[in-house]
Amino acid sequence: MTYQTLQQAAETRRSIYALNKNLPVSNEEISEIVKHAVLHTPSSFNSQSTRVVVLFGEEHGKVWQFVEDALRAIVPAEQFEPTAQKLNLFKAGAATILFFEDQNVVKGLQEQFPSYAANFPVWADHANAMTQYAVWTTLAAAGVGANLQHYNPLPDAAIAKEWNLPESWLLRAQMVIGGIEAPAGEKTFEPVENRLKVFGA
């Protein structure tokens with residue numbers, strides 16, 4: 001493998017919103033991709049605090065019904081149509097991957113290393129984000145479309161109850177995946193000279 005292979009995968013990874021239920025790989029392959037990312041993504045102090053739930057088919061649909069129910073409780077009915085259209089894009093996908101951080105692990109590290117206590121929640125989110133990126137990039141290389149959402153904490157209680165998840169699992173993001181119905185639009189970039197500095201090369 002060359003580093004260009006990894007770079008190509010990174011370039012392929014985009015936010016795909018027009019999804020369908022026709023995954024180009026099997027559910028088992030999706031699960032293995034997620035498993036690999038969970039096992040091999042680094043975390044501070046090797047805490048391994050990230051938790052992931054993969055939901056296919058009707059289970060996937062439940063997530064977005066929970067989100068819709070929560071939003072209908074706070075968004076006026078006469079203003080809900082744009083929100084409904086957006087949620088329908090997510091419902092059209094084939095699966096949802098939920099990313100959590102186990103707060104028991106984070107609190108345990110805070111107690112064990114009090115000098116770093118304020119940093120552990122931040123470092124946990126770093127590990128979670130890296131896991132999300134590892135999953136997303138690998139899915140892109142497999143031809144699977146994905147987009148990342150952050151409706152937490154609105155559906156958190158309903159999700160935890162439906163799948164009997166531990167109270168210590170804090171939901172951080174929801175990744176919708178599916179077959180690619182339409183590609184992402186053109187991506188624009190801020191000048192890299194404003195974002196990167198190199199010294200001593």
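Residues numbered from 1 in each chain as written. Predicted model: local features only at pLDDT ≥ 70, side-chain atom pairs only at ≥ 80, totals over all residues. Heavy atoms only, no water.

The name recorded for the chain in an unreviewed UniProt entry is Nitroreductase domain-containing protein, from Neisseria sicca ATCC 29256. The Subcellular location (unreviewed entry) comment attached to the chain in UniProt states, word for word, "Cytoplasm". (UniProt positions renumbered as here; feature names shortened; annotations may be inferred.)

Asker: Where do I start with helix α4 (residues 81-91) in this structure?
Answerer: At 3.6 residues per turn, the α-helix brings residues three or four places apart onto the same side. Three or more residues of α4 are buried, namely Ala 84, Leu 87 and Phe 90. For α4, the angular spread of the buried residues around the axis is 110°, confining them to a single face. Against α3 (57-72), β4 (145-149) and β5 (169-180) lie the buried residues of α4. (Buried < 20%, exposed > 50% of the residue type's maximum accessible area, 1.4 Å probe, protein only. Helix = DSSP H or I, 4+ residues; strand = E, 2+ residues; numbered from the N terminus. Arc of directions from axis to C-beta. Contact = heavy atoms within 4.5 Å.)

Asker: Would you take a moment to explain the UniProt feature "domain: Nitroreductase" (unreviewed entry) in the chain for this structure?
Answerer: Residues given the UniProt feature "domain: Nitroreductase" (unreviewed entry) here are residues 11-178. A distance of 19 Å separates the end C-alpha atoms of residues 11-178, which is 49% helix and 19% strand.

Asker: Would you mind going over the pattern of salt bridges with me for this structure?
Answerer: For side chains bearing opposite charge, pairing can occur when the charged atoms are close. In this structure the tally under the stated criterion is 6 salt bridges. For the salt bridge of Arg 51 with Asp 102, the shortest nitrogen-to-oxygen distance reads 3.3 Å. Taken together, the residues span a long stretch of sequence, with Arg 51 in strand β2 (residues 50-56) and Asp 102 in strand β3 (residues 95-102) at a distance of 51 residues. With its nearest N and O atoms 3.1 Å apart, the salt bridge here joins Lys 62 to Glu 59. Here Lys 62 and its partner Glu 59 are both found in helix α3, 3 residues apart, which amounts to about one turn of the helix. Owing to a relative accessible area of 27%, Lys 62 belongs among the partly exposed residues under this scheme. A single network of salt bridges, built from pairs that share partners, joins Glu 59, Lys 62 and Glu 162. (Salt bridge = Lys/Arg side-chain N within 4 Å of Asp/Glu carboxyl O.)

Asker: When you look at the pairing of β3 in this model, what are you seeing that I'm missing?
Answerer: Remember that side chains alternate between the two faces of the sheet whenever the strand is regular. By the criterion of burial, β3 is predominantly enclosed, with 8 of the 8 residues buried. Burial along β3 is two-sided: Ala 95, Ile 97, Phe 99 and Glu 101 and Thr 96, Leu 98, Phe 100 and Asp 102, pointing in opposite directions, are all buried. Two elements, β2 and β3, share 7 bridges in a ladder whose sense is antiparallel. Bridging from a neighbouring strand, Val 54 pairs with Ile 97 of β3. Both β3 and β5 contribute to a ladder of 8 bridges, which runs antiparallel. What sits directly across from Phe 99, in β5, is Ala 173. (Pairing = 2+ DSSP bridges.)

Asker: Can you help me understand the side chain of Asn 20 in this one?
Answerer: Position of Asn 20 among the secondary structure elements: in strand β1 (residues 19-20). A polar contact is formed between the side chain of Asn 20 and the backbone nitrogen of Asn 22, at a distance of 2.9 Å. Leave out the neighbours within four places in its chain, and Asn 20 touches Ala 92, Gly 93, Ala 94, Gly 178, Gly 179, Ile 180 and Glu 181. (Polar contact = N/O pair within 3.5 Å; in protein donor to acceptor, adjacent residues only side chain to side chain.)

Asker: Would you take a moment to explain the packing of α3 against α4 for this structure?
Answerer: Two quantities define a packed helix pair, namely the angle between the axes and the distance from one axis to the other. Following both chains from N to C, one finds α3 and α4 inclined at 165°, their axes separated by 9 Å at the closest point. Of the possible angle classes, the one that applies to α3 and α4 is roughly antiparallel. Helix-helix and strand crossings are classified by hand; for α3 and α4 the assignment is right-handed. Across from His 60, Trp 64, Gln 65, Val 67, Glu 68 and Leu 71 in α3, the residues of α4 making contact are Thr 83, Leu 87, Phe 90 and Lys 91. (Axes fitted to C-alpha atoms, helices over the stretch in contact; angles between N-to-C directions. Parallel < 35°, antiparallel > 145°, perpendicular 65-115°, else oblique. Left-handed = near helix turned anticlockwise from the far one by under 90°.)

Asker: Just checking my understanding: could you explain the packing of aromatic side chains for this structure?
Answerer: To describe a pair of aromatic rings, you give the distance between the ring centres and the angle between the ring planes. Across all of its chains, the model carries 12 aromatic pairs by this definition. Plain terms: the ring middles of Phe 100 and Trp 169 are 5.6 Å apart, the flat faces sit at 50° to each other, and that makes the pair tilted. Within this pair, whereas Phe 100 is found in strand β3, its partner Trp 169 is found in strand β5, the two being separated by 69 residues in sequence. Phe 100 gets classed as buried once you look at its relative accessible area, which sits at 3%. Taking 5.3 Å as the distance between ring centres and 90° as the angle between the ring planes, the aromatic pair formed by Phe 120 and Trp 123 counts as edge-to-face. Linking Phe 120 with Trp 123, this pair stays in helix α6 (residues 120-141), spanning 3 residues, or about one helical turn. Look at Trp 123 and you get partly exposed, because its relative accessible area is 24%. By the ring-pair criterion, three or more aromatic residues cluster together here, those being Phe 45, Phe 113, Tyr 116, Phe 120 and Trp 123. (Phe/Tyr/Trp six-rings, centres within 6.5 Å; stacked < 30°, edge-to-face > 60°.)

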